[in-house]
Amino acid sequence: DNLIESELFGHKKGAFSGAHADHTGLVRAADKGTLFLDEIGDLPAASQAALLRVLQEREVTPVGGTRPVAVDVRIIAATHRDLDEMIADGQFRHDLFARLAGFRIAVPALAERRPDLGILIGSLYERHFPADAVGLDLDAARLLFRYPWPLNIRELEQALTTASVLAGTTPVLASHLPDAVRSGRPPGAARTTPLTPADEALRDSLCAAMRDHRGNISAVARALNKDRKQIQRWVKRFAVDPEKFK
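Residues numbered from 1 in each chain as written. Predicted model: local features only at pLDDT ≥ 70, side-chain atom pairs only at ≥ 80, totals over all residues. Heavy atoms only, no water.

Attention now moves to the overall build of the protein chain. The helix and strand tally for the protein chain stands at 12 helices and four strands. Taken over the C-alpha trace, the protein chain has a radius of gyration of 25 Å; the compact-globule value for 246 residues is 18 Å, which it surpasses by more than 25%. Based on the C-alpha atoms only, the size of the protein chain along its principal axes is roughly 80 × 45 × 35 Å. At a minimum sequence separation of 6, the contacts of the protein chain that also span at least 24 residues come to 64%. A total of about 14,600 Å² of accessible surface is found on the protein chain, and carbon and sulfur atoms cover 52% of it. Side chains of the protein chain give 33 positive and 32 negative charges; the mean places of these two sets differ by 5 Å. (Helix = DSSP H or I, 4+ residues; strand = E, 2+ residues; numbered from the N terminus. Rg over C-alpha atoms; globule rule 2.2 N^0.38 Å. Contact = heavy atoms within 4.5 Å. Areas by Shrake-Rupley, 256 points an atom, 1.4 Å probe, with all protein chains shown as cover. Lys, Arg positive; Asp, Glu negative; His and termini not counted. Charge placed at Lys NZ, Arg CZ, Asp CG, Glu CD.)

Structure below.
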């Protein structure tokens, strides 16, 4: 907690072990301007109280200091947490929330912004791929559009960064994309046992057939020369969602 408050509010020389010089802190550094606090929902209770005092009194007292310093700063905060629920559970101060929540914007998840996906992919492609790169293979493009992107733009950018290293100036293939994107199973999805190399090959083969036949179980069964029930067992075993291939 002291380290967080030191970064935000500054500290005086000798305030704690390692404090070899005075430190201004982010709040005073943003005086007459704007300070953006990311993941405000993770702020410890003691630091919440200290930030509330800064917003109420318009002054900040450095750690180890005795005299407050006047500040004029606008706070913009962001969080992935549900602050309303945290307030109800006593995990976030309602009076601090009242000071911060003058205007609220809810940024929708990438999964809720499917029309933006093509624009984002195009922009990230220009940023991370060589100027003479030739684009995406059709199967790779389909995988990018069908994946739910639960980790949002960071996950999308990492997938394309990986693909740029593997593909270079050649077309991006499905094999250049991360395993989660190829399988359609997001990170952290439940799996009973680790997959063996043979299982991974089988799952990749199943996903490829699903793409070719747009998630039609019967067509996939014919293509793989397997009984339809066997395909359904594999779908359940590998947590493959046929709807994502339609």
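Among the secondary structure elements, His176 is positioned in the loop between α8 (152-167) and α9 (179-183). Here His176 falls in the buried class, since its relative accessible area comes to 12%. At a separation of 2.9 Å, a polar atom in the side chain of His176 contacts the main-chain amide nitrogen of Leu173. (Buried < 20%, exposed > 50% of the residue type's maximum accessible area, 1.4 Å probe, protein only. Polar contact = N/O pair within 3.5 Å; in protein donor to acceptor, adjacent residues only side chain to side chain.)

The end-to-end C-alpha distance of helix α6 (residues 114-128) is 21 Å, a good match for the 21 Å that 15 residues give at a rise of 1.5 Å each. For α6, the complete set of buried residues consists of Leu117, Leu120, Ile121, Leu124 and Tyr125. Across the axial projection of α6, the buried residues extend over an arc of 135°, all falling on one side. Exposed side chains of α6 directed beyond 90 degrees from the buried face belong to Pro115, Ile119, Glu126 and Arg127. Here the buried face of α6 lies against α7 (138-146) and α8. (Expected span 1.5 Å × (residues − 1). Arc of directions from axis to C-beta.)

Scanning all chains against the criterion turns up 14 salt bridges. With a closest N to O distance of 3.3 Å, Arg113 and Asp116 form a salt bridge. Residue classification places Asp116 among the partly exposed residues on the basis of a relative accessible area of 32%. Several salt bridges converge on common partners, so that one network encompasses Asp179, Arg182, Arg203 and Asp204. (Salt bridge = Lys/Arg side-chain N within 4 Å of Asp/Glu carboxyl O.)

Next up on the list: the environment of Arg211. Turning to its location among the elements, Arg211 is positioned in helix α10 (residues 197-212). Through-space distance from the C-alpha of Arg211 to that of Leu37 is 42 Å; in sequence the pair is 174 residues apart.

Nonpolar side chains collect at one region of the surface, where Phe103, Ile105 and Val107 lie side by side and expose about 420 Å² of accessible area between them. Structurally, the position occupied by Ile105 is in the loop between α5 (94-100) and α6. (Patch = residues over 30% accessible without salt bridge, like charges linked within 9 Å, V, L, I, M, F, W, Y side chains within 5 Å.)

Although it is not a glycine, Arg58 sits at a positive phi angle of roughly 55°. With respect to the helices, strands and loops of the structure, Arg58 is situated in the loop between α3 (45-57) and β2 (59-60). Even without a glycine there, the phi angle at Asn152 is positive, about 65°. Within the secondary structure layout, Asn152 lies in helix α8.

This brings us to the packing of α10 against helix α11 (residues 217-224). At their nearest, the axes of α10 and α11 sit 9 Å apart, and the two run at 125° to each other. Comparing their axes, α11 and α10 come out oblique. Between α10 and α11 the crossing geometry is right-handed. Within the contact between the two elements, α10 uses Ser205, Leu206, Ala209 and Met210 and α11 uses Ile217, Val220 and Leu224. Residue composition of the contact of α10 with α11, by class: six nonpolar, one polar and no charged. (Axes fitted to C-alpha atoms, helices over the stretch in contact; angles between N-to-C directions. Parallel < 35°, antiparallel > 145°, perpendicular 65-115°, else oblique. Left-handed = near helix turned anticlockwise from the far one by under 90°. Nonpolar A, V, L, I, M, F, W, Y, C, P; charged D, E, K, R; others polar.)

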